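Close look at the chain arrangement
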Amino acid sequence: MEAFSDGVLAIVITIMVLKLNAPKSLSLAGLKEVFPTFLAYVLSYLYVGIYWANHHHLLHMIDYVSGKLLWKNLLWLFWMTLIPLGTEWMGLYPNESLPCVLYGSILFLCAISYHVVQKEVIVMKGKCSKLSLNIGEDVKGKVSIVFYGLAIGFGFVVPVVSYLIYIGIALLWIVPDKRLEKSVDGYGKDV
């Protein structure tokens, strides 16, 4: 499951970078034209990287993969594969509401489905496992989901506020989840 997920995320990043176009002219105006798309790419690359790192740590908590976990992981990957679509549209129309809202909706659904994957791993490990105790109520994850919802709402009226929220959430998660690192030794066994 981890190798498949890694492959899908690598393809997501590849699709995003293939959507980047060089400026059509050798001028600052040409650079200015492609700059929003580049910024959208950087933000999305950061998001995919954050999810990849935390997913990697999460999967090192388990000794086997259940059918439930496979399907829940596939749901999360489905939403992740839509990031390039949202990224491209947002980069092409940075001041418009619908691309901003679509991007936020994709991030919102990625966060919810990742939370579902995480919950399944906790169920597999047990409520009294070190993982469960370290994750706790997952306030950071739940707050992120709430802020994605707020960003979607702002996207309809003031897209720039949504972008600031998307950046803020990414900054919140930029360091791999220490709660997961505290739960695993070098071999992926519960400590």
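Here the structure is a predicted model, which means the values were calculated and not measured.

Re the overall build of the protein
When you go through the protein residue by residue, the secondary structure sums to nine helices and zero strands. Relative to the compact-globule value of 16 Å for 191 residues, the protein shows a C-alpha radius of gyration of 18 Å, a close match. With the principal axes as the frame, the protein shows a C-alpha extent of 60 × 30 × 25 Å. Relative to its full complement of 191 residues, the protein shows a buried share of 42%. Here the analysis covers contacts within the protein between residues at least 6 apart in sequence; of these, 78% occur between residues at least 24 apart. Working note: accessible area of the protein is about 10200 Å², and carbon and sulfur atoms make up 72% of it.

Topic: the pattern of salt bridges
Opposite charge on two side chains allows them to pair when their charged atoms are near. The full count for this structure, using the stated rule, is three salt bridges. Across the pair lysine 19 and glutamate 88 runs a salt bridge whose closest N-O atoms are separated by 3.6 Å. Of this pair, lysine 19 sits in the loop between α1 (2-18) and α2 (28-59) while glutamate 88 is found in helix α4 (residues 83-92), placing the two residues 69 residues apart along the sequence. The exposure class assigned to glutamate 88 is partly exposed, which follows from its relative accessible area of 27%.

Concerning the packing of aromatic side chains
Applying the stated criterion to the full structure yields eight aromatic pairs. Ring centres of tyrosine 41 and tyrosine 45 lie 5.8 Å apart, and the angle between their planes is 45°; on these two criteria the pair is classed as tilted. You can see tyrosine 41 and its partner tyrosine 45 sitting in helix α2, four residues apart, about one turn around the helix. Tyrosine 45 sits in the partly exposed class, given a relative accessible area of 42%. Their ring planes at 45° and their centres at 6.3 Å tell us that tyrosine 47 and tyrosine 148 sit as a pair that is tilted.

Here's the deal with the environment of asparagine 21
Tracing the backbone shows asparagine 21 in the loop between α1 and α2. Between the C-alpha atom of asparagine 21 and that of phenylalanine 38, which follows or precedes it by 17 residues, the distance is 8.9 Å.

Quick word on the nonpolar core
Grouped together as the largest cluster of nonpolar side chains are 43 residues, with contacts concentrated most on Tyr47, Tyr51, Trp76, Met80 and Tyr166. Those elements that place two or more of their residues in this core are α1, α2, α3 (67-80), α4, α5 (97-125), α6 (130-135), α7 (139-155) and α8 (159-173). With 11 residues, α5 is the single largest residue contributor to this core. Among residues more than four places away in sequence, those in contact with tryptophan 76 are Leu9, Tyr51, His55, Cys110, Ser113, Tyr114 and Val117.

Here we look at the state of the cysteines
Counted according to the given criterion, the structure contains zero disulfides. Among the cysteines around cysteine 100, which has no disulfide bond, cysteine 110 carries the closest sulfur, lying 15 Å off. Relative accessible area serves as the criterion here: at 0%, cysteine 100 is assigned to the buried category.

Comments concerning the packing of α1 against α2
For the pair α1 and α2, the least separation of the axes is 10 Å and the interaxial angle reads 175°. In terms of their interaxial angle, α1 and α2 are classed as roughly antiparallel. Facing Glu2, Ser5, Asp6, Leu9, Val12, Ile13, Met16 and Val17 of α1, the residues of α2 in contact are Tyr41, Ser44, Tyr45, Val48, Trp52, His55, His56 and Leu59. A breakdown of the residues in the contact of α1 with α2 according to their chemical character gives 10 nonpolar, four polar and two charged.

What to know about α3
Taking 1.5 Å of rise per residue, 14 residues should cover 20 Å, and α3 covers 20 Å from first to last C-alpha, within 8% of that figure. Where α3 is buried, its residues touch α1, α2, α4 and α5.

Quick notes on the confidence of the model for the protein
Overall, the predicted model of the protein reaches an average pLDDT of 90, with 91% of residues at or above 70. Highest mean pLDDT in the protein belongs to α3 (97); lowest belongs to helix α9 (residues 178-181) (66).

What counts and what doesn't
- Chains are numbered independently. Their residues run from 1 in the order of the written sequence.
- Per-residue local features of the predicted model are confined to residues with pLDDT of at least 70, and side-chain atom pairs are confined, for both listing and counting, to 80 or more; whole-chain, interface and lining totals are unaffected and use all residues.
- To obtain the side-chain values, all non-hydrogen atoms of the structure were used and water was disregarded.
- Under the DSSP-based scheme used, a helix requires at least four consecutive residues in state H or I and a strand at least two consecutive residues in state E, with every element numbered from the N terminus.
- Using C-alpha atoms as the atom set, the radius of gyration is obtained and then compared with a globule rule of 2.2 Å times the number of residues to the power 0.38.
- Whether a residue is buried, partly exposed or exposed follows from its accessible area with a 1.4 Å probe, protein chains only, as a fraction of its type maximum: under 20%, in between, or over 50%, in that order.
- Here, two residues are considered to be in contact whenever any of their heavy atoms come within 4.5 Å of each other.
- For the area figures, the Shrake-Rupley method with a 1.4 Å probe applies, and any residue is considered shielded solely by the protein chains shown.
- For this analysis, a salt bridge means a side-chain nitrogen from Lys or Arg found within 4 Å of a carboxyl oxygen belonging to Asp or Glu.
- Planes of paired rings set the category: under 30 degrees apart is stacked, over 60 is edge-to-face and the rest tilted, where pairs are Phe, Tyr or Trp rings (Trp by its six-membered ring) whose centres lie within 6.5 Å.
- Here, the term nonpolar core denotes a set of buried Ala, Val, Leu, Ile, Met, Phe, Trp, Tyr and Cys residues that are joined through side-chain atoms within 4.5 Å.
- In plain terms, two cysteine sulfur atoms within 2.5 Å form what is called a disulfide here.
- Throughout, an axis means a line fitted to C-alpha atoms (over the contacting stretch in the case of helices), and angles, computed between N-to-C directions, take values from 0 to 180 degrees.
- Oblique is the label for any angle not under 35 degrees, not over 145, and not in the 65 to 115 range, which are roughly parallel, roughly antiparallel and roughly perpendicular in turn.
- Only Asp, Glu, Lys and Arg are considered charged in this grouping, and only Ala, Val, Leu, Ile, Met, Phe, Trp, Tyr, Cys and Pro are considered nonpolar; every other residue, Gly among them, is considered polar.
- To estimate how far a helix should extend, the number of its residues minus one is multiplied by 1.5 Å.
- pLDDT measures the predictor's confidence residue by residue and takes values from 0 up to 100.

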